[in-house]
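Fold and geometry: a report
Single-letter residue listing:
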Amino acid sequence: MQNVPLGIDHPVVTVRNHPACLERYRAIGFSPSPVSYHPWGTVLSLMMFRDNFIELISVADPSKFGINAVEDFCYGRNVGRFLDRAEGLGLVALHSKDADADHAKLRQAGLPSQGRIDFRRATKKADGTPDTAIVSLGLFLNPEQPDVSQFICHQHRPELIWVPEWQDHPNGANAVAGVTYIAERPADLEERFVAFYGERATFGDDASLVVDTGCGVMRVVSPDAARLRFGSSELPWWENNSPHGISITVSTTRFDSLEGLWSTNAVTFKRGPGGNLFLPPSECGNVILEFTPAKIGT
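Note that this is a predicted model, so its numbers are computed, not measured.

1. Some details on the packing of aromatic side chains
On inspection of all chains with the given rule, the structure shows 14 aromatic pairs. Note on Trp262 and Phe269: the rings are 5.6 Å apart at their centroids and 50° apart in plane angle, and the pair reads as tilted. Judged by relative accessible area, which is 0%, Trp262 ranks as buried. The partly exposed category is assigned to Phe269, whose relative accessible area is 24%. Centre to centre, the rings of Trp262 and Phe291 are 5.1 Å apart; their planes meet at 70°, and the pair counts as edge-to-face. Separated by 29 residues along the polypeptide, Trp262 in helix H6 (residues 258-264) and Phe291 in strand E16 (residues 288-293) bring together distant segments of the chain. Phe291 gets classed as buried once you look at its relative accessible area, which sits at 0%. A connected cluster of aromatic rings, assembled from ring pairs, spans Tyr25, Phe30, Phe49, Trp262, Phe269 and Phe291.

Listed below in structure tokens is the structure:
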């Protein structure tokens, strides 16, 4: 699976206690990137794969809120406001190699945007040498269903992000294969995803909506469909019934060894109705991690 424009680049898991959650992700079998910081006061670590990744983020210094703001929008403040009411899957970044062109295209498709952000983030190479990542974002937060929001992300120095040494995980994880949202009426989100991906890539019925991003699948499922998909697995806590993210699907080349790894590391897990393995929200920052065998050749 190779990423394409607007493919799933990285789901953002937003948590209150970054160090504690990062230790759980290590126990799950990830090898996170070194901890680094955004200029607007957030702290992050990445679970890197060949074509996309999971970002684990929290607030480190709220006094920096307002840096790199676009009009009245500040990414750091947005993270803080999300944490005031919830933890979990708050945003999904979409892959871009030309933030200006992709931002203009999506605005022409009728999607409201909070603008463009360019910033630099101090990071380290695999050998520990300090360096600077250069990033452009195009913001497409959803005014009607804010917890089903996306943004485009253009890494100008991808060699500082897709570091081979950060992609070797004991759990064999090799890709974000999908993201799942829950909504009472999945069809209410169809117009938004059609604007991103077109009608040919977006299909569904009253119980679910499926979107082929070109690099991973986004699903919106009804509560009944969520129970069928996740069985007895606990769903993330949310303060109301508004649509929101509930799971990230991760493919792995070591599926058959996961139960042994997690039993050794005291990680709680369940096997779902379809045979996939699920880690509950309590293990992962109020999001379910679903592990599925990697397809041959991925």
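2. Examining the side chain of His10
Within the element layout of this structure, His10 appears in strand E1 (residues 8-14). Side-chain polar atoms of His10 contact the side chain of Glu55, separated by 3.1 Å. If we skip the residues at most four places from it in the chain, His10 touches Phe53, Glu55, Val92, Ala93, Phe151 and Cys153.

3. Quick look at the sheet that holds strand E10 (residues 202-204)
Reading across the sheet, the eight strands line up as E10-E11-E12-E9-E13-E16-E15-E14 and stay open at both edges, with mixed pairing between neighbours. Strand pairing shows two members of the sheet lacking a second neighbour, E10 and strand E14 (270-271), which therefore form its edges. Relative to strand E15 (residues 277-279), E14 runs antiparallel, the two sharing two bridges. Following the sheet pairing, Arg271 is matched in E15 by Leu277.

4. What to know about helix H4 (residues 190-197)
For H4, the full list of buried residues reads Arg192, Phe193, Ala195, Phe196 and Tyr197. Just beyond H4, the residue with positive phi is Gly198, at close to 90°.

5. Description of the sheet that holds strand E6 (residues 115-124)
The strand order across the open sheet formed by eight strands is E2-E3-E4-E1-E5-E8-E7-E6, and the pairing between neighbours is mixed. Across the chains shown, the open sheet's two edge strands, defined by having one partner strand only, are strand E2 (36-37) and E6. Where strand E7 (residues 130-140) lies against strand E8 (residues 149-155), six bridges are found, and the strand directions are antiparallel. Bridging across to E8, Leu139 finds its partner in Phe151. Lying over the sheet, helix H2 (residues 75-83) contacts E1, strand E3 (42-48), strand E4 (53-59), strand E5 (88-96), E7 and E8, oriented at roughly 80° with respect to E4.

6. Digging into the pairing of strand E9 (residues 173-182)
Counting buried positions along E9 gives nine out of 10 residues, so the element sits mostly inside the fold. One ladder, built from eight bridges, connects E9 with strand E13 (residues 244-252); its direction is antiparallel. Bridge assignment links Val176 to a residue of E13, and that residue is Val250.

Criteria and cut-off values
Residues numbered from 1 in each chain as written. Predicted model: local features only at pLDDT ≥ 70, side-chain atom pairs only at ≥ 80, totals over all residues. Heavy atoms only, no water. Phe/Tyr/Trp six-rings, centres within 6.5 Å; stacked < 30°, edge-to-face > 60°. Buried < 20%, exposed > 50% of the residue type's maximum accessible area, 1.4 Å probe, protein only. Helix = DSSP H or I, 4+ residues; strand = E, 2+ residues; numbered from the N terminus. Polar contact = N/O pair within 3.5 Å; in protein donor to acceptor, adjacent residues only side chain to side chain. Contact = heavy atoms within 4.5 Å. Pairing = 2+ DSSP bridges. Axes fitted to C-alpha atoms, helices over the stretch in contact; angles between N-to-C directions.

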